[in-house]
Each structure stands twice: as C-alpha cells, then as structure tokens.
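Listed below, chain by chain, are the residues.
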Amino acid sequence: MAADEPAAGTPPEPPRDEAPPVGRSWGRLYAVVVAWLVVTVALLTFLTWAYR
Amino acid sequence: VSAVDWTVLAGTLALIVAYGLWRARAVRTAEDYLRGGGLKWYTVGLSIMATQASAVTFLSLPGQAYEDGLGFLQFYFGLPVAMVLLCASIVPVYYRLRITTAYEYLETRFDRKTRQLTAFLFLVGRGLGAGLSIYAPAIILSTVLGWPLQVTNLVIGVLVIGYTVSGGTRAVSQTQVPQMAVMLGGLALAFVFVLRALPGHVGVGDAFAIAGSLDRMQAVDFSLRLDTRYTFWSGMAGGLFVALAYFGTDQSQVQRYLGGESLAATRLGLLLNGLVKIPMQLFVLLVGLMVLVFYQFHQPPVFFHRAELERARRTEQGPALAHAEARFGAAFRDKQAQIDRLLAARRAGDPGAAAAARAGVRAAEAEGRAARAEAKRVIQQARPRAETKDSDYIFIGFVTRHFPVGLVGLLVAVIFIAAMSATAAALSALGSTTVVDFYRTWRPDRSDAHYLGAGRLFTVGWGVLAMLFAAFAALLDNLIQAVNILGSIFYGPMLGVFLVAFFFRRVRGTAVFVALLVAQALVVLTFALTAIGFLWYNVIGCAAVVGLALLLQAIRPAASSLTRPGAAA
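A brief report on the enclosed structure follows. (Residues numbered from 1 in each chain as written. Chains lettered and ligands numbered in written order. Predicted model: local features only at pLDDT ≥ 70, side-chain atom pairs only at ≥ 80, totals over all residues. Heavy atoms only, no water.)

A short note on the overall build of chain B
Put simply, the rule is: Each helix is a run of H or I in the DSSP string that is no shorter than four residues. Each strand is a run of E no shorter than two, and both are numbered from the N terminus. When we talk radius of gyration, it's over C-alpha atoms, and the globule rule is simply 2.2 Å times the number of residues to the 0.38. Relative accessibility thresholds used throughout: buried, under 20% of the residue-type maximum; exposed, over 50%; partly exposed, between the two (1.4 Å probe, protein chains only). A contact between two residues is defined here by any heavy atoms of the two lying within 4.5 Å. Only the protein chains shown count as covering a residue, and every accessible area follows the Shrake-Rupley method with a 1.4 Å probe. Only four residue types enter the tally: Lys and Arg on the positive side, Asp and Glu on the negative side, with His and both chain ends excluded. Where a charge lies is defined by one atom per residue type, namely NZ (Lys), CZ (Arg), CG (Asp) and CD (Glu).
Helix and strand counts for chain B stand at 23 helices and zero strands. Whereas a compact globule of 569 residues would reach a radius of gyration of roughly 25 Å, chain B reaches 25 Å, a difference of no more than 12%. Seen through its principal axes, chain B has C-alpha atoms that stretch 80 × 50 × 50 Å. Relative to its 569 residues, chain B shows a buried fraction of 58%. Within chain B, residue pairs in contact and separated by at least 24 positions form 85% of the contacts whose partners lie at least 6 positions apart. Surface summary for chain B: the accessible area is close to 21100 Å², and the carbon and sulfur share equals 66%. Where the 49 positive side-chain charges of chain B centre and where its 31 negative ones centre are 8 Å apart.

Shown next as structure tokens:
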C-alpha cells in the first residue's frame, strides 16, 4: 500500500469508513434526480408532439 | 483560419496546460498521484462530465442531430438512474474499503487472479480507447486546419502527457474544471451565434417548426420497435446498462469520483452529472439542429468532407459528381420554396396550408437525401478507400466557414480541450491501474517515492503507446468501428464480474474467474462466427459471466470456495 502520511501542504484525508446506509436526506436527493428525469422526458415528449 | 484565431487557439491551450502544470506542483506522494483526493463536489461533477465529453462529442453530436434529429438523446435517459443506483450501492463500498482502483475491490471480494484479469481487460480496452481519443479528432482537425495528421497527433499527445504525467489523478481532475468551463462557454457562444446567423424573419419557434417539418424534432419515441436503435425503452434499459458499466467499472471514471473530499462530495458530484447530462447533450444536439436550419437558407455542399469532394471532382467521375450536385441544388431550391410557404402559413395561422407545406418540405428533403446518396456513391467510385461518412465534418466545417474571427479559434480550442480532457483521464487511470493492480503486487514494500516514480513512468508509457497507436491508426481501414467492437467485447464481461460481486454474495473467486474466461471466449467467438450486432456483445458477455458464475458455484461450491477458506456457500 502507498504511504498514508499526507505530505506537508496537502489537505488532511477525510475519514473513509463513513459509508452509511442510504439516509432520508440522500433518499430525497435521489428522488429529486429521478423527478428531474421525469420532468425532462415530459418536456421532450411535449416538444416532439408540438413540432411533429 | 486567421491569425487572430491561431492566437486564440494557442492562448487557450497554453493557459489550460499552464493551469494543469501549476496544479501538478502540489503532488508529493504516490497516494496524491495515483488516487488523488480532497476534491470539492463540483470539481468531482465537472471532472466526471469532462471525462465523458470527448472531442467526438463536439464533432459528431451536432452532425448526428443534423442527419437524424434529437432521437440520440434517449441513449442518455438511463444515466440519471445509473447515478442514483451507483450512489446508493457501489460508491459507499468503494469508500469504505478505501480503494484506489475499482479492481482492488475484486480482490477483497474474490481473489487476486479475478482482480488482475479484470484490470487487464480494462487496460486493453481503455489503452486502445486512449489512442482513438487522440486519433479521431486529429484526423478531422488535420483535414480542416490543413495540418499533417502526425503533427495534430503530436500536439494533442504532448500537451496531455505534460500535465498528466507530472500531476497525476488530482491535477487531471482539477484541470478538467477550467476545461469544462471553456467547453460550455464555447458551446453557449456557438448556440447564440448560430441563432443570430439565421435570417431575420426566422425566430426560435420557426426554426423548431422547420426542423420538425424535416422530421428532426422527435426527441422521444415510445414505440416498442426493436429495429429502431434509439427509443425511450432502449435508452432506459440499454442506456442504464452502459452507464452502470462505464461509471461503475471503468477506472477513468471511478478515479474521478473517488477523488472527492468525502463520500458526500462524491455522491453530489455524481448526482450533478445525473442532473446536467441530458440538458447538456440536448444543447449540443440543438446546436446541430440550428446548423441544419441555417442550411435551409444557405445551400450546403452536397458532401461535407470537402477535401474528399474536391479530390473526386478531379477524377473522371467529375461529370457524375456535377450531376449529383445539380440534382441536390434543385432539391434545395424546391425545399426553400416549401419552407417559405410553411413560414407564411404559420404566420397566417392556417393549419391546412402548413400541413401541405410540410408535406412539400418532406418530399424535397427526400430528393435531397437521394442526391447526397448519389454523390457518396460517385465519391466511392472515384476512390474506393474514400471515407463516405461526412457527418463529423458538418459542424466543424460550419464553424470554420461561417463563424466570426476569434470564435473559430475558440471552437477549435474546445475540440482540442475535449480531446485532452478525455485522454488525460484515460492515461491517468491506465497509469494508476498498472501500478496499483500489477506493479505494486509484484514489488511490494518499496518506498512511496518509488511508487510515485513508477506511476509517472507507466503514465508516460501509456501516453507514448496511445500516440503510437494514433500514428499508425491511419494504416487500418475501419479503425473506429474495430475499436468500438473491441470495447464492446470487454465491457460486458467486466460489468458481469462486478454484478456478481455485488448481488450474488454466495459466488466465490474461482467460479467468477472461470466464468469470466469462458464468457470472454464466448464473446470473441460471437464476434468471429456470427453477424450479431456488436452492441449486443455487452449484454451477451455480462449475462454469460453472471449465469456461468452462478452455475459453477452451484455445481462445485466446495472447490470454488477453496479460495476463501471457511466461506463455503
């Protein structure tokens, strides 16, 4: 493995063993991304229909 | 291309490379170089986007819209879902294990031989891809700028190798932020300029109506036809599959997001990509669509690869080519008259007249396409080795002929920068994988400085290999297709290994290793012996690995578990 010592001037490494299960706030963010996809597809469908 | 454009091009490239070299100065350790880290969420997001946006994006996508409309956009529909799935499943595991390459995970989950076989497949596929990411734009830029191909290869290769080798992973990601800014800025300026270049009486709504009458506005197709390449369903299923394989198992992407300062930064970066990708690709396609509308008012050439067109004109096929051009010109004038009728009917609010005009536009467009096909046949007769796919030349040809001084240089810089960002990410990932998954396992317990030096050496080696590949690529026919096929041969089995790792906890190393070997052979045989389309190789390879691994584990659970004592299913 590479040395774990960060050199002077490099930012300290964050803790890496934090991986939590999907929390409620992340779940909400994931829902936003999927909702954005649905809205995008709806708008594109409208565009397709309007200029068919 | 004027002196001002050369100055803008050289200045933009020099600034980007100087920024990359300035960022490279902070690299002190092998960890810095191979893994990176400490990046803000927006740096992660932009570097992911810049890695995927190659020069081909800016050269081919507008041409794709010009020829076939917006339908290609559906290919990206699965991507946001893939981002969410990766954030929720694979990314936290990568973080917990504190890995540098995706393939390291396979050793903790299976064994070393599976890890190294998968990493080897990545090196072969991505190594060839890195050569192509230099060669593909170089051949087009050489034609347009009038440079010898090898000079363009050398310029792209040397610029990239400079800061990639000195700075490694983190410098590559950080340099991708200004690179992405230049790409997006250049694209926005291009869009504004193309709109301004349309005749004064044509608004955005009219432009969309004209594109619609030419059947280029179908962005979404819900039909279940299997013979249509891009539909909503193929985008959601196939696009999801490709995005999961690319972002989950390709080290050039994994390296980008594992460089986040925290798990949260990585997730936000990936989700940013999920939000922005479709609008960004739509924007690139719309630029191509506006170029199409522009060419409804200014007659385009019958064939966009002008050097090839002029070459054919000087042969004995010259008169046949002139015939095709005259036919194309007549179709263009007919179409222009029909478009004027369409615009008049829209202003008068007369749906009946508009429908009749649309039918007229479609008929003239079909005649124009037939004339173009005739010209391509003539060009091929004039020179059997001629490249008759000219859509990659549509946008760059438009830029060099119709954009104002200064903007031409900026747009050519955008294409060079896109080539650089994709190539830099590939070289950095190839260097890291070679050190972490191979060299360090063969020569453990060396000093940190030793691995830092090895990382630089291997990155130079991959850069030189990519440039050599690009240099000799011109000798091969149908090279791009060959490399696409090669990529598809490796991607499916690789994704299969990772799917087994995550979702079939019972399966052990030997079962998946044998399954990977057999599946890889099966895909190669499919390529050699059948006429199945190469996009299907992904599915066949992935399904074969998963199915075979499950089967082997079920048949010989004891033997398979020997790699992990006490872990029998």
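Anyway, onward from the coordinates.
Comments concerning the packing of helix α10 (residues 204-213) of chain B against helix α13 (residues 263-294) of chain B
All names here are of chain B. Put simply, the rule reads: Axis definition: a line fit to C-alpha positions, over the contact stretch in the case of helices; interaxial angles, taken between N-to-C directions, run 0 to 180 degrees. For this classification, under 35 degrees means roughly parallel, over 145 means roughly antiparallel, 65 to 115 means roughly perpendicular, and everything else is oblique. Residues are grouped as follows: nonpolar covers Ala, Val, Leu, Ile, Met, Phe, Trp, Tyr, Cys and Pro; charged covers Asp, Glu, Lys and Arg; every other residue, Gly included, is treated as polar.
Across the interface, α10 lies against α13 with an axial gap of 10 Å and an inter-helix angle of 85°. Between α10 and α13, the interaxial angle falls into the category roughly perpendicular. In this structure, α10 contributes Ala 207, Phe 208, Ile 210 and Ala 211 to the contact, and α13 contributes Leu 286, Leu 289, Met 290 and Val 293. A per-class count over the contact of α10 with α13 returns eight nonpolar, no polar and no charged.

What to know about the packing of aromatic side chains
Residue and element names in this part refer to chain B. The condition is simple: What counts as a ring pair is set by centres within 6.5 Å for rings of Phe, Tyr and Trp (its six-membered ring), and what kind of pair is set by the plane angle: stacked under 30 degrees, edge-to-face over 60, tilted for all other angles. Geometrically, a lysine NZ or arginine CZ counts as sitting over a ring once it is within 6 Å of the ring centre and also within 35 degrees of the ring normal.
Counted according to the given criterion, the structure contains 35 aromatic pairs over all chains. Relative to Tyr 230, the ring of Phe 72 has its centre 5.1 Å away and its plane inclined at 85°; by these criteria the two rings are edge-to-face. Of this pair, Phe 72 sits in the loop between α4 (55-68) and α5 (78-88) while Tyr 230 sits in the loop between α10 and α11 (232-249), and the two are 158 residues apart along the sequence. Within the aromatic cluster, the residues linked to one another by ring pairs are Tyr 66, Phe 193, Phe 294, Tyr 295, Phe 304, Phe 398 and Phe 403. Sitting above the plane of the Tyr 451 ring, Arg 440 keeps its charged end 5.8 Å from the centroid.

Considerations on the layout of surface pockets
Residue and element names in this part refer to chain B. To be explicit about the condition: Put plainly, a pocket is an open set of points on a 1 Å grid over the protein atoms alone with protein on both sides within 12 Å along at least five of seven lines, a cavity is a set where a 1.4 Å probe fits but cannot get out, and a lining residue has an atom within 4 Å of a point. Grid points are joined across faces, edges and corners, and a volume is the space filled by probe spheres set on the points.
Considering only enclosed or pocket space, the second largest pocket measures out at about 370 Å³ in volume. Forming the walls of the second largest pocket are 22 residues, and the residues nearest its centre are Asp 68, Gly 69, Gly 71, Asp 215 and Gln 218. Of all the elements in the fold, those that place two or more residues in the lining of the second largest pocket are α4 and α16 (351-382). The element that contributes the greatest number of residues to the lining of the second largest pocket is α16, accounting for four residues. For the lining of the second largest pocket, a count of residues per class yields six nonpolar, seven polar and nine charged.

Brief notes about the environment of B:Arg508
Here B:Arg508 is to be found in the loop between α20 (479-503) and α21 (509-529). Separated by 44 residues in the primary sequence, B:Arg508 and B:Leu552 place their C-alpha atoms 9.6 Å from one another.

Structural notes on the pattern of salt bridges
Residues and elements named next belong to chain B. Note the cut-off: When a carboxyl oxygen of Asp or Glu lies within 4 Å of a side-chain nitrogen of Lys or Arg, that pair is called a salt bridge.
If you walk through the whole model with that rule in mind, you get 24 salt bridges over all chains. As a salt-bridge pair, Glu 261 and Lys 40 come within 3.4 Å of each other at their nearest N and O atoms. Placement of the pair is Glu 261 in the loop between α12 (251-257) and α13 and Lys 40 in the loop between α2 (30-34) and α3 (41-52), with a sequence separation of 221 residues. On the basis of relative accessibility, which here comes to 29%, the residue Glu 261 falls in the partly exposed class. Judged by its relative accessible area of 40%, Lys 40 is partly exposed. The partner of Glu 107 in a salt bridge is Arg 112, and the shortest N-O contact between them spans 3.2 Å. Sharing partners across several salt bridges, the network here consists of Glu 67, Arg 372, Lys 376 and Asp 390.

Some thoughts on the nonpolar core
Residue and element names in this part refer to chain B. Cut-off, in case you're wondering: By convention a nonpolar core is built from buried Ala, Val, Leu, Ile, Met, Phe, Trp, Tyr and Cys residues, the set being connected through side-chain atoms within 4.5 Å.
Residues Leu 70, Tyr 94, Tyr 105, Met 183, Tyr 257, Leu 289 and Phe 403 are the most contacted members of the largest nonpolar core, which totals 180 residues. Top contributing element to this core by residue count: helix α18 (residues 407-442), with 23 residues. With residues near it in sequence (within four places) discarded, Leu 289 still touches Ala 65, Gly 69, Leu 70, Ala 211, Arg 216 and Met 217. Of all hydrophobic cores here, the second largest spans twelve residues; its members include Leu 309, Phe 328, Ala 371 and Ala 375.

Some details on the packing of helix α9 (residues 149-197) of chain B against α18(B)
Relative orientation and spacing of two packed helices are given, respectively, by the angle between their axes and the distance between those axes. Condition: When the near helix sits turned anticlockwise from the far one by under a right angle, the crossing is termed left-handed; a clockwise turn instead gives a right-handed crossing.
Between α9(B) and α18(B), whose axes approach to 5 Å, the crossing angle comes to 145°. In this structure, α9(B) meets α18(B) at a crossing whose hand is left-handed.

A closer look at empty space enclosed by the protein
All names here are of chain B. Counting across every chain of the model gives three cavities of 30 Å³ or more. Computed from the structure, the largest cavity encloses a volume of approximately 200 Å³. Tyr 66, Phe 328, Lys 335, Glu 365 and Arg 372 are, among the 17 residues lining the largest cavity, the residues nearest its centre. Sort the elements by how many residues they give to the lining of the largest cavity and α16 lands first, with five residues.

By themselves these figures say nothing about function.
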